[in-house]
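# Secondary and tertiary structure notes
In case you want the letters, here they are:
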Amino acid sequence: MPSRLPRRVLTLLLGALTGVSAVAAPARAARGGGLTEYPITTTADSLPAGITAGPDGALWFTQSGADRIGRIAADGTVTDHRTPTPGSAPFAITAGPDGALWFTEQAAGRVGRITTSGAVTEFALPRAASAPAGITAGPDGALWFTEPGADRIGRITTAGRISEYRVPTAAALPYGIAAGADGALWFTELGGGRIGRIDTGGRTTEFPLPSRADFPEDIVAGPGGMWFTAAGAGSVDRIDTGGRVTRFALPGTDGDPGGIAAGPDGRVWFTDRSGRVGRVSADGAISVVPVPAGPDKSPFRLTAGPGGTVWFTELLGNAIGRIEPS
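What comes next is a walk through the structure. Fair warning: this is a prediction, and the values are worked out from it, not measured in the lab. (Residues numbered from 1 in each chain as written. Predicted model: local features only at pLDDT ≥ 70, side-chain atom pairs only at ≥ 80, totals over all residues. Heavy atoms only, no water.)

On the secondary structure map, R279 appears in strand 25 (residues 276–280). With a relative accessible area of 13%, R279 lands in the buried category. A distance of 2.9 Å separates a polar atom in the side chain of R279 from a polar atom in the side chain of D265. For R279, the contacting residues outside a window of four places in its chain are D265, R267, V268, W269, F270, A285, I286, S287, P325 and S326. (Helix = DSSP H or I, 4+ residues; strand = E, 2+ residues; numbered from the N terminus. Buried < 20%, exposed > 50% of the residue type's maximum accessible area, 1.4 Å probe, protein only. Polar contact = N/O pair within 3.5 Å; in protein donor to acceptor, adjacent residues only side chain to side chain. Contact = heavy atoms within 4.5 Å.)

What follows is the structure, encoded as structure tokens:
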């Protein structure tokens, strides 16, 4: 499937298809699998992308098409905050060690910070075209992020000091990133067909995947190693610290996995842009929850939420979904 790469780079690297307001968004009727959807009524076509649980008990998400950071409470009330830079295309978001939320701005070449009260600070990266994508809290008290436009892994302290480390493979397009149980950061190479590992001192190791057409996208720590989505292969895969990859194929032939997260039930959860949210156990057993009209909504990223729930963004559905696992 090498022909899919240019379209994926276009849609994923350029802003995911590229004031404060609050409104109680009415929940749509719950469907099978304990699924509820909350339309984002604060703005149309907001393209919600990244999502994470905040320290205030709410979920925080990026609105890459509206240059806003959104907050949704457990009752579905949505509040959003504009980013200072127009056309910033906020993308990934994570909870920081300082009690704030940190996010990437793909189009602006910046990393942002927002407090739970809505105060936003932006930090410009050394290269404006770096297109920062994934971001995660590291074991060293800093935030680590990927720069697919510059083939670098970035590190930013909570005070805003930035360091960068070049990825050994040219045109690797480092994309997703997550902290591992081994004290290092693990990242995907969307263009390089590899999984990378970088320690807090900046030393990098790369592990090639079985096929250059795998297009590894998102990554998270889970049972037995790091789990990642491989869109080109239609699978959710696991890699151990020695670089050995175990592949778990998605049901059907149309699987297009994107986001991945550790669930509240000890399993790894993932989104499938073909219209499903699924989970996989340590031994590879997969179960899925269909999202109503899911292919048109493009389930994208997800996170564990309060009360044993899983929340996900609908990139094209302009909504946030919630699942109560059985």
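This part is about the sheet that holds strand 14 (residues 162–166). Pairing is antiparallel across the open sheet formed by 4 strands, whose spatial order is 11-12-13-14. Two strands bound the open sheet, and with one partner strand each, they are strand 11 (135–137) and strand 14. Strand-to-strand twist of the sheet, defined as the mean angle between neighbouring strand axes without regard to direction, takes the value 20 degrees. Here strand 13 (residues 152–156) pairs with strand 14 via 5 bridges, running antiparallel. Counted as the bridge partner of I153 is Y165 from strand 14. (Pairing = 2+ DSSP bridges. Axes fitted to C-alpha atoms, helices over the stretch in contact; angles between N-to-C directions.)

Moving on, we get to the nonpolar core. Counting residues in each nonpolar core, the largest one holds 20 residues, and the members touching the most others are F91, W102, V111, I135, F145 and I156. Listed by contribution, the elements that provide at least two residues to this core are strand 7 (90–95) and strand 12 (143–147). Setting aside anything within four residues of it in sequence, one finds I156 in contact with W102, V111, F123, A142, L143, F145, R161 and I162. (Core = buried A, V, L, I, M, F, W, Y, C linked by side-chain atoms within 4.5 Å.)

Take the pairing of strand 24 (residues 268–272) next. For strand 24, the tally of buried residues reaches 5 of 5 residues, placing the bulk of the element in the interior. Pairing geometry for strand 23 (residues 257–262) and strand 24, over 4 bridges, is antiparallel. Bridge assignment links A262 to a residue of strand 24, and that residue is V268. Between strand 23 and strand 24, which pair antiparallel and follow one another directly, the connecting turn spans 5 residues, one of which, G266, has a positive phi of 85 degrees. Two elements, strand 24 and strand 25, share 5 bridges in a ladder whose sense is antiparallel. Each bridged residue has a counterpart across the sheet, and for D272 the counterpart in strand 25 is R276. In this structure, the hairpin formed by strand 24 and strand 25 is closed by a connection of 3 residues, where G275 is found at a positive phi of approximately 120 degrees.

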